[in-house]
Amino acid sequence: MQPSHLLTLFDWSADRIQAVLQRSVKLKAVRRLRAQRHTLSGRTIALIFEKASTRTRVSFEAGVANLGGSTVVLQSRDTQLGRGEPLKDAARVLGRYVDAIVMRTFAQATIDEIARHAGVPVINGLTDLSHPCQVLADVFTVMERRHNWRSLRWCYIGDGNNMANSLIEASAQLGLEMVLACPDGYRPAAEHLERAKQMRTPLSVVTDPRVAARGADVVITDVWTSMGQEEETQARQKAFAGYQVNADLMKLARPEALVLHCLPAHRGEEISEEVLEGPQSVVFDEAENRMYVQQAALEVLLGVGE
Ligand code: CP
Ligand code: NVA
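This structure is a prediction, so every number in the text was calculated from the model and none was measured.

Participant: What is the right way to look at the overall build of the chain in this model?
Facilitator: Counting its secondary structure elements, the chain contains 12 helices and nine strands. On C-alpha atoms alone, the chain measures out to a radius of gyration of 19 Å, which is about the 19 Å that the 2.2 N^0.38 rule sets for 306 residues. Judged by the C-alpha coordinates and their principal axes, the chain covers about 55 × 45 × 35 Å. Per-residue burial over the chain gives 56% buried out of 306 residues. Restricting to contacts in the chain with at least 6 residues of sequence separation, those with at least 24 account for 76%.

Written out as structure tokens, the structure reads:
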């Protein structure tokens with residue numbers, strides 16, 4: 001039987017997403033109480049990185065250790081993958097040593113190929129297309145603060161990147177009302193928008209950030225230049241002028257609106273210092289929550305716990 005994976009949130013039903021969110025509540029309580037939970041005892045998780053990371057790496061490493069498991073971190077340039085070993089060979093070998101694989105890479109096709117051949121669950125720790133672990137944490141962070149999180153108005157302002165795409169996945173799977181404001185030429189993935197449309201998702205993409213922010217309960221943004229796009233930085237700064245989440249834009253949102261950013265943030269670019277550090281910002285809870293949603297995802301994919 002093929003294992004289940006988390007390559008994008010389109011892989012998971014609304015029921016599974018809800019189950020993981022509920023389990024994350026328990027895992028957060030376990031951590032707060034410093035209670036013992038050994039659901040990953042005897043399990044080893046490989047973490048493969050082809051791009052830099054702080055949160056993803058540490059939240060997976062600490063999260064697995066807290067549940068009694070262990071991790072092996074591989075910077076792909078130090079492995080035979082970096083010397084061109086076929087993905088399908090590396091995947092089959094790793095799948096014989098470890099119980100699950102987390103991968104951060106560029107092309108979605110790379111992680112799809114690993115998942116096809118590993119024989120163990122594979123989790124997307126960020127690709128150019130999708131960042132499902134982060135958006136699970138975002139949804140969990142809003143759920144913690146707003147019991148009516150499913151009927152809120154969510155907005156995303158900025159680049160139609162991996163974060164925008166995973167928010168579309170969440171909106172489609174959970175029926176979240178969402179408006180994304182992205183400049184022309186920087187829209188989210190066309191195949192994501194088409195799929196969301198087929199699923200009758202209450203979602204729209206606009207170009208005016210003020211239209212997206214107006215009446216929003218949740219305001220999310222991300223960097224204008226993602227990892228791997230560094231050469232486009234100047235062009236992007238031009239294209240995204242006017243898309244900053246700042247106090248002026250926040251005046252259009254609901255007064256109690258929450259502000260999320262997956263971090264790292266570029267203060268003064270996509271978000272002002274004032275908003276990032278202000279009372280509406282929940283970015284550090286959001287970062288903390290990565291750990292619990294990922295622990296929950298691992299437990300569910302490995303069929304352990306509960
Ligand atoms: N938000 C996020 O994925 O952070 P890192 O790049 O530090 O892992
Ligand atoms: N969109 C950003 C997210 C970083 C966590 C990137 O891909 O670099």
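Participant: Got a minute to help me understand the sheet that holds strand β6 (residues 177–181) in this structure?
Facilitator: Strand pairing in a sheet takes place through backbone hydrogen bonds and is either antiparallel or parallel in direction. Sheet architecture is open: five strands sit in the order β7-β6-β5-β8-β9, paired in parallel fashion. Sheet topology places β7 (203–206) and β9 (258–261) at the edges, where each strand pairs with a single neighbour. Adjacent strand axes in the sheet meet at a mean angle of 20°, parallel and antiparallel pairs treated alike. Bridge count for strand β5 (residues 153–157) against strand β8 (residues 218–221) is four bridges, and the pairing is parallel. What sits directly across from I157, in β8, is T221. Seen against the sheet, helix α6 (residues 162–174) touches β5, β6, β7 and β8 and runs at an angle of roughly 160° to β6.

Participant: What is the right way to read the site of ligand 2 from this model?
Facilitator: In the vicinity of ligand 2, the contacting residues are L126, H131, N161, N162, D222, V223, S226, M227, C262 and L263. In this structure, N161 approaches ligand 2 through a side-chain N or O atom, which is 3.4 Å from a nitrogen atom. Classifying every residue of the shell around ligand 2 by side-chain character gives five nonpolar, four polar and one charged.

Participant: So what exactly am I meant to see when it comes to the nonpolar core here?
Facilitator: Generally speaking, soluble globular proteins have nonpolar side chains that are buried together. Formed by 60 residues in total, the largest nonpolar core has its most connected members in W149 and W154. Per element, the largest residue contribution to this core is nine residues, and it comes from helix α12 (residues 283–302). Residues contacting W149, with those up to four places away along its chain left out, are Q18, L21, V139, V142, M143, W154, L174 and L176. Counting residues in hydrophobic clusters, the runner-up holds 26 residues, among them A213, V245, V259 and A287.

Participant: Please clarify how the site of ligand 1 should be interpreted in this entry.
Facilitator: Ligand 1 sits among S53, T54, R55, T56, R104, H131, Q134, C262, L263 and R290. R104 is positioned such that a nitrogen or oxygen atom in its side chain is 2.8 Å from an oxygen atom of ligand 1. Summarising the interface, the protein chains cover 95% of the accessible area of ligand 1, which totals 260 Å² for the free molecule. In the shell around ligand 1, the residues fall into two nonpolar, five polar and three charged.

Participant: Before we go on, may I ask you to explain the sheet that holds strand β2 (residues 70–75) in this structure?
Facilitator: Here four strands make up an open sheet; going across it, the order is β2-β1-β3-β4 and the pairing parallel. Lying at the two open borders of the sheet, with one neighbouring strand each, are β2 and β4 (122–124). Between one strand and the next, the sheet's axes are offset by a mean angle of 20°, whatever the strand orientation. For strand β1 (residues 44–49) and strand β3 (residues 100–104), the ladder comprises five bridges, and the chain directions are parallel. Its bridge partner lying in β3, I48 is registered against M103. Where helix α4 (residues 108–118) meets the sheet, its contacts fall on β3 and β4, and the angle it forms with β4 comes to roughly 165°.

Participant: Looking at this structure, I do not really get the pattern of salt bridges. What am I missing?
Facilitator: Two side chains with opposite charge may pair up if their charged atoms get near one another. A full pass over the atoms with the stated rule returns 18 salt bridges. Measuring nitrogen to oxygen at the nearest pair gives 2.7 Å for the salt bridge that ties R23 to E299. Here E299 lies in helix α12 and R23 lies in helix α1 (residues 14–32), a separation of 276 residues in the sequence. For the pair R23 and E299, a shared accessibility class is recorded, and that class is buried. Between R236 and E232 there is a salt bridge, with the nearest N and O atoms lying 2.8 Å from each other. A single salt-bridge network, built from bridges that share partners, covers R23, R37 and E299.

Rules of the game
- Residues numbered from 1 in each chain as written.
- Chains lettered and ligands numbered in written order.
- Predicted model: local features only at pLDDT ≥ 70, side-chain atom pairs only at ≥ 80, totals over all residues.
- Heavy atoms only, no water.
- Helix = DSSP H or I, 4+ residues; strand = E, 2+ residues; numbered from the N terminus.
- Rg over C-alpha atoms; globule rule 2.2 N^0.38 Å.
- Buried < 20%, exposed > 50% of the residue type's maximum accessible area, 1.4 Å probe, protein only.
- Contact = heavy atoms within 4.5 Å.
- Pairing = 2+ DSSP bridges.
- Axes fitted to C-alpha atoms, helices over the stretch in contact; angles between N-to-C directions.
- Near = heavy atom within 4 Å.
- Polar contact = N/O pair within 3.5 Å; in protein donor to acceptor, adjacent residues only side chain to side chain.
- Nonpolar A, V, L, I, M, F, W, Y, C, P; charged D, E, K, R; others polar.
- Core = buried A, V, L, I, M, F, W, Y, C linked by side-chain atoms within 4.5 Å.
- Areas by Shrake-Rupley, 256 points an atom, 1.4 Å probe, with all protein chains shown as cover.
- Salt bridge = Lys/Arg side-chain N within 4 Å of Asp/Glu carboxyl O.

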